[in-house]
Amino acid sequence: MTQSEHVLRMADLRRACSILLDETERRFGDEVDLSELPVDYYWSLDLEAAFDMSETPTGELGCGQVSDDVAEIAAIVRRTPEDVIALWHDLDHLAGVLRLLAHLDLPR
């Protein structure tokens, strides 16, 4: 790896998200009706365990819920600048929604 591959630039991440969300909107429209989806719950691995490669996770598999993730995203956009942001919590809900979009695009 080169030195530049060891750096995550927020501008690059923002641009990649923009490109991918634009394509998602092109494929699925500007809204995804959750009531029409055959999924709501999904398997989730605890963040600590997910990044601890020293041992295989055991008993730490949890359950996430797309409808809860979407509700949390709606709450995030309604926040005021004074509200506390818990990145570990909010990004995990965002990741759940992004994984749903990836799941919807799986080859069938």
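Residues numbered from 1 in each chain as written. Predicted model: local features only at pLDDT ≥ 70, side-chain atom pairs only at ≥ 80, totals over all residues. Heavy atoms only, no water.

Undergrad: Describe the pattern of salt bridges, with residues and values.
TA: Taken as a whole, this structure holds four salt bridges when the rule is applied. Linking D105 and R27 is a salt bridge whose minimum nitrogen-to-oxygen distance equals 2.7 Å. Within this pair, whereas D105 is found in the segment after α4 (87–104), its partner R27 is found in helix α1 (residues 10–28), the two being separated by 78 residues in sequence. D105 gets classed as partly exposed once you look at its relative accessible area, which sits at 36%. Several salt bridges share partner residues, and in doing so they unite E23, R26, R27 and D105 into one network. (Salt bridge = Lys/Arg side-chain N within 4 Å of Asp/Glu carboxyl O. Helix = DSSP H or I, 4+ residues; strand = E, 2+ residues; numbered from the N terminus. Buried < 20%, exposed > 50% of the residue type's maximum accessible area, 1.4 Å probe, protein only.)

Undergrad: Break down the layout of surface pockets for me, with residues and values.
TA: The volume enclosed by the largest pocket comes to roughly 520 Å³. Breaking the lining of the largest pocket down by element, the ones donating at least two residues are α1 and α4. Of all the elements, α1 adds the most residues to the lining of the largest pocket, at nine residues. Along the lines of polarity and charge, the residues of the lining of the largest pocket split into twelve nonpolar, one polar and three charged. (1 Å grid on protein atoms, 1.4 Å probe; cavity = no way out; pocket = protein on both sides within 12 Å on 5 of 7 lines; lining within 4 Å. Points joined across faces, edges and corners; volume = space filled by probe spheres on them. Nonpolar A, V, L, I, M, F, W, Y, C, P; charged D, E, K, R; others polar.)

Undergrad: Can you break down the side chain of H93 residue by residue, with the values?
TA: Note that H93 resides in helix α4. At a separation of 2.7 Å, a polar atom in the side chain of H93 contacts the side chain of D69. Setting aside residues no more than four positions away along its own chain, H93 makes contact with D68, D69, E72 and I73. (Polar contact = N/O pair within 3.5 Å; in protein donor to acceptor, adjacent residues only side chain to side chain. Contact = heavy atoms within 4.5 Å.)

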